[in-house]
Amino acid sequence: MNARRSVWAENRGPIPKGWIVHNMNGNMGDNRLENLACIPRKTENISNVVAPYRERIKILELQLREENI
């Protein structure tokens, strides 16, 4: 099991068969739970599945930057 799947399973429970854990911001090393989404492997367009999460990730990243200033 890779790191992001482990993080997901430890915090959200088992990953259904045929589903993947996706790094929302595209950074494969960023395995914060807030950056992960569990989605079906077989989708016509993965961008449509993850689109609602991308805005949330942007907001969280802005908050982190503001806290670190």
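About the cut-offs
- Residues numbered from 1 in each chain as written.
- Predicted model: local features only at pLDDT ≥ 70, side-chain atom pairs only at ≥ 80, totals over all residues.
- Heavy atoms only, no water.
- Helix = DSSP H or I, 4+ residues; strand = E, 2+ residues; numbered from the N terminus.
- Buried < 20%, exposed > 50% of the residue type's maximum accessible area, 1.4 Å probe, protein only.
- Contact = heavy atoms within 4.5 Å.
- Areas by Shrake-Rupley, 256 points an atom, 1.4 Å probe, with all protein chains shown as cover.
- Lys, Arg positive; Asp, Glu negative; His and termini not counted.
- Charge placed at Lys NZ, Arg CZ, Asp CG, Glu CD.
- 1 Å grid on protein atoms, 1.4 Å probe; cavity = no way out; pocket = protein on both sides within 12 Å on 5 of 7 lines; lining within 4 Å.
- Points joined across faces, edges and corners; volume = space filled by probe spheres on them.
- Nonpolar A, V, L, I, M, F, W, Y, C, P; charged D, E, K, R; others polar.

Engineer: What is the right way to look at the overall build of the protein in this model?
Structural biologist: Counting its secondary structure elements, the protein contains two helices and two strands. Listing the helices and strands of the protein from first to last along the sequence gives α-β-β-α. If one aligns the C-alpha atoms of the protein with their principal axes, the spans along those axes are about 40 × 25 × 15 Å. A total of 69 residues make up the protein; the buried ones form 26% of that total. Considering only contacts within the protein whose residues lie at least 6 apart along the sequence, 32% involve residues at least 24 apart. Counting every atom, the protein has about 5,100 Å² of accessible surface; 51% of that belongs to carbon and sulfur. For the protein, the centre of its 11 positive side-chain charges and the centre of its 8 negative side-chain charges are spaced 10 Å apart.

Engineer: When you look at the layout of surface pockets in this model, what are you seeing that I'm missing?
Structural biologist: Over the atoms, a rolling probe the size of a water molecule traces out where space has been left empty. As a volume, the largest pocket reaches approximately 170 Å³. Around the largest pocket, the lining residues are Trp-8, Arg-12, Met-24, Leu-33, Glu-34, Leu-36, Ala-37, Cys-38, Tyr-53, Arg-56, Ile-57 and Leu-60. Among the elements of the structure, helix H1 (3–12), strand E2 (36–40) and helix H2 (46–67) are those that each provide at least two residues to the lining of the largest pocket. By residue number, the principal contributor to the lining of the largest pocket is H2, which donates four residues. By residue class, the composition of the lining of the largest pocket is nine nonpolar, no polar and three charged.

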